[in-house]
Amino acid sequence: MKGLTFFMAMILVQLAYGGSNILIKISIGRGLNQLVFVVYRHVIAMLLLGPFAYALEREQRPPLSVSVITKIFVLSSLGTTVHLNLYYAGLAYTSPTVACALSNVIPSLTFVLALLFGMEKVKITSKRGQAKVAGAVICVGGSLLFALWKGGFPLKSFVERPLINMDDNTTSTSTTGSLSGSAGHEKQNWIKGSVLILISYIAWSAWLILQALVSKVYPAQLSLNTMICFFASLQSSLLALFFARNPTLWKLDWNVQLLTIIYCGVVISALVYILQTWCISNKGPVFVAMFSPPLLIIVAIFSAIIFAEQLHFGSLVGAFVIIVGLYCVLWGKRTDILLADQQPAAFQKDSNSDHNQVLEISMEDGPPTNSVSSQRT
């Protein structure tokens, strides 16, 4: 029952990410500065989580040391500042479906990093070890194929016209003054966008690994995520001093940009971060990274309807290769989990048999003494 709870939690996480990908694509296309967006969403999350962290974790919150603060700072840099800004820059060049298809490489990247940090074990002579290694290689190869081969005929979209036309955007560099506002970002640049997104996923995979390590030394999840949001807003604010100095970029109106900021601040940076931290601390980083494929399906359907997006044959081949590699890793990981669950039962069985042997020996040793004493009487 508890395993089902973790499963449902991660499905909700992917649904939340699917909605945010669509909203972010629309908002960036309409001039929302990515650095301003990162600052606002994490300030909202910090203000939302802070009071709960202070009230609920007052007794169980461990003291902060320089080492712990440094780890949390690095955690914020990888999972928010580096990952989000590179991801949004790549998303402005490509589409949400491309970004989500490439997200299937996260489990393999996370597995490789977990292996390097000693959090995962691989017995290369076993089938499960070979499956995990081969799956990681296939996933990386599929992501490169997806990014570099846009060839093949385009597939027909679900609708003839998009519900939201992104080509009407007249935003210029002078308006945005940021990494995401140039005219080059308005054009489809498949390779550049895919490479930026892949680099952002490397940072995200490292975030998953470091999150598991930090959660062990600082298990107060609400307080941990509050500090992550604080450092994320601080780091992006410093970057905004160089790339988003235009005061008009920080002005908020009642539009889809404000809706995106509120949604991502409340749902993603607050609630989803908490769910992910909870799942990572209980099931490990590789388990969390396994739930990328549903996101691709969700966003592909939304993008085909909202943006009338057309996929190419080369994209489908690359996505198929990524998913094949992903499930090779999942099969090997699942086999490891099953063997780990069987070992305690076998150990318990051996222990019980040893205990029964001891009882038999003690019972056999007991009667002679009793018989001797009875004979004496």
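- Going by what an unreviewed UniProt entry lists, the protein is known as WAT1-related protein and is assigned to Trema orientale.
- Per UniProt, the protein has the following entry under Sequence similarities (unreviewed entry): "Belongs to the drug/metabolite transporter (DMT) superfamily. Plant drug/metabolite exporter (P-DME) (TC 2.A.7.4) family."
- In UniProt, the protein has this text filed under Subcellular location (unreviewed entry): "Membrane".

1. Quick look at the overall build of the protein
So, point 1. The helix and strand inventory of the protein stands at 14 helices and 0 strands.
So, point 2. For the protein, the proportion of contacts with a sequence separation of at least 24, taken over those separated by at least 6, is 91%.

2. Quick word on the UniProt feature "transmembrane region" (unreviewed entry) in the protein
So, point 1. Under the UniProt annotation, the feature "transmembrane region" (unreviewed entry) is placed at residues 34-56, 101-119, 131-149, 190-210, 222-244, 256-275, 287-307 and 313-332.
So, point 2. With 100% helix and 0% strand, residues 190-210 has end C-alpha atoms that lie 30 Å from one another.
So, point 3. The distance separating the terminal C-alpha atoms of residues 256-275 is 26 Å; by composition the span is 100% helix and 0% strand.

3. Focus on the confidence of the model for the protein
So, point 1. Chain-level pLDDT for the protein is 75 on average; 71% of the residues reach the 70-or-more range.
So, point 2. A low-confidence stretch, residues 168-187 stays under pLDDT 50, and its non-local contacts, those more than four residues away or across chains, total 42 contacts.
So, point 3. Ignoring residues within four places in sequence, the model shows residues 353-377, a span with pLDDT below 50, making 0 contacts including any to other chains.

4. As for helix α2 (residues 34-56)
So, point 1. For α2, with 23 residues, the first-to-last C-alpha span of 33 Å sits near the 33 Å given by 1.5 Å per residue.
So, point 2. Where α2 bends most, at leucine 49, the angle is about 30°, and the proline proline 51 comes one to four residues later.
So, point 3. Listed as buried for α2 are Gln34, Leu35, Val36, Phe37, Val38, Val39, Arg41, His42, Ala45, Leu49 and Ala53.
So, point 4. Its side-chain oxygen placed 2.9 Å from the backbone nitrogen of leucine 35, asparagine 33 serves as the N-cap of α2.

5. Thoughts on the nonpolar core
So, point 1. If you look at the biggest cluster of nonpolar residues, it comprises 56 residues, and the most contacted ones within it are Ile72, Tyr88, Tyr201 and Leu208.
So, point 2. Of the residues forming this core, the biggest block, 10 residues, is contributed by helix α9 (residues 190-217).
So, point 3. When residues no more than four places from it in sequence are discounted, the contact partners of tyrosine 201 are His83, Tyr87, Ala99, Cys100, Leu102, Ser103, Val105, Ile106 and Leu109.

6. Considering the packing of α9 against helix α11 (residues 256-283)
So, point 1. Put simply, α9 and α11 touch, their axes get as near as 9 Å, and they point 65° apart. The orientation of α9 with respect to α11, classified from their angle, is roughly perpendicular. With respect to the hand of their crossing, α9 and α11 are arranged in right-handed fashion. The residues of α11 that touch α9, namely those facing Trp204, Trp207, Leu208, Gln211, Ala212 and Ser215, are Gln276, Thr277, Ile280 and Ser281.
So, point 2. When grouped by side-chain class, the residues that make up the contact of α9 with α11 number 5 nonpolar, 5 polar and no charged.

7. Notes on the environment of serine 205
So, point 1. By the secondary structure assignment, serine 205 is in helix α9.
So, point 2. Classification of serine 205 by relative accessible area gives buried; the value is 0%.
So, point 3. C-alpha separation for the pair serine 205 and proline 107, spaced 98 residues apart in sequence, amounts to 7.8 Å.
So, point 4. The residues touching serine 205, leaving out its near neighbours within four places in the chain, are Ile106, Leu109, Thr110 and Leu113.
So, point 5. Reaching out from serine 205, the side chain makes a polar contact with the side chain of threonine 110 at a distance of 3.4 Å.

8. Focus: the packing of aromatic side chains
So, point 1. In total, this model carries 8 aromatic pairs according to the counting rule given.
So, point 2. Aromatic side chains phenylalanine 37 and tyrosine 88 sit 5.2 Å apart centroid to centroid with 50° between the ring planes, which places their arrangement in the tilted category. A residue pair is termed long-range when its members are at least 10 positions apart, and phenylalanine 37 in helix α2 and tyrosine 88 in helix α3 (residues 66-93) qualify at 51 residues. Across the pair, exposure class does not vary: phenylalanine 37 and tyrosine 88 are buried alike.
So, point 3. Pairing tryptophan 204 with tryptophan 207 gives two aromatic rings, centres 4.5 Å apart and planes at 15°, and the pair type is stacked.

9. As for the environment of isoleucine 138
So, point 1. By the element assignment, isoleucine 138 lies in helix α6 (residues 127-148).
So, point 2. Sequence separation of isoleucine 138 and valine 329 is 191 residues, and the distance between their C-alpha atoms is 9.7 Å.

10. A closer look at the packing of α3 against α9
So, point 1. Where α3 meets α9, the axes come as close as 8 Å, and the angle between the chain directions of the two elements is 160°. The orientation of α3 with respect to α9, classified from their angle, is roughly antiparallel. Every pair of crossing elements has a handedness; the one defined by α3 and α9 is left-handed.
So, point 2. Of the residues assigned to the contact of α3 with α9, the class counts are 22 nonpolar, 6 polar and 2 charged.

Calculation criteria
- Residues numbered from 1 in each chain as written.
- Predicted model: local features only at pLDDT ≥ 70, side-chain atom pairs only at ≥ 80, totals over all residues.
- Heavy atoms only, no water.
- UniProt positions renumbered as here; feature names shortened; annotations may be inferred.
- Helix = DSSP H or I, 4+ residues; strand = E, 2+ residues; numbered from the N terminus.
- Contact = heavy atoms within 4.5 Å.
- pLDDT = per-residue confidence, 0-100.
- Expected span 1.5 Å × (residues − 1).
- Bend = angle between axes of the 7 residues up to and from the residue.
- Buried < 20%, exposed > 50% of the residue type's maximum accessible area, 1.4 Å probe, protein only.
- Polar contact = N/O pair within 3.5 Å; in protein donor to acceptor, adjacent residues only side chain to side chain.
- Core = buried A, V, L, I, M, F, W, Y, C linked by side-chain atoms within 4.5 Å.
- Axes fitted to C-alpha atoms, helices over the stretch in contact; angles between N-to-C directions.
- Parallel < 35°, antiparallel > 145°, perpendicular 65-115°, else oblique.
- Left-handed = near helix turned anticlockwise from the far one by under 90°.
- Nonpolar A, V, L, I, M, F, W, Y, C, P; charged D, E, K, R; others polar.
- Phe/Tyr/Trp six-rings, centres within 6.5 Å; stacked < 30°, edge-to-face > 60°.

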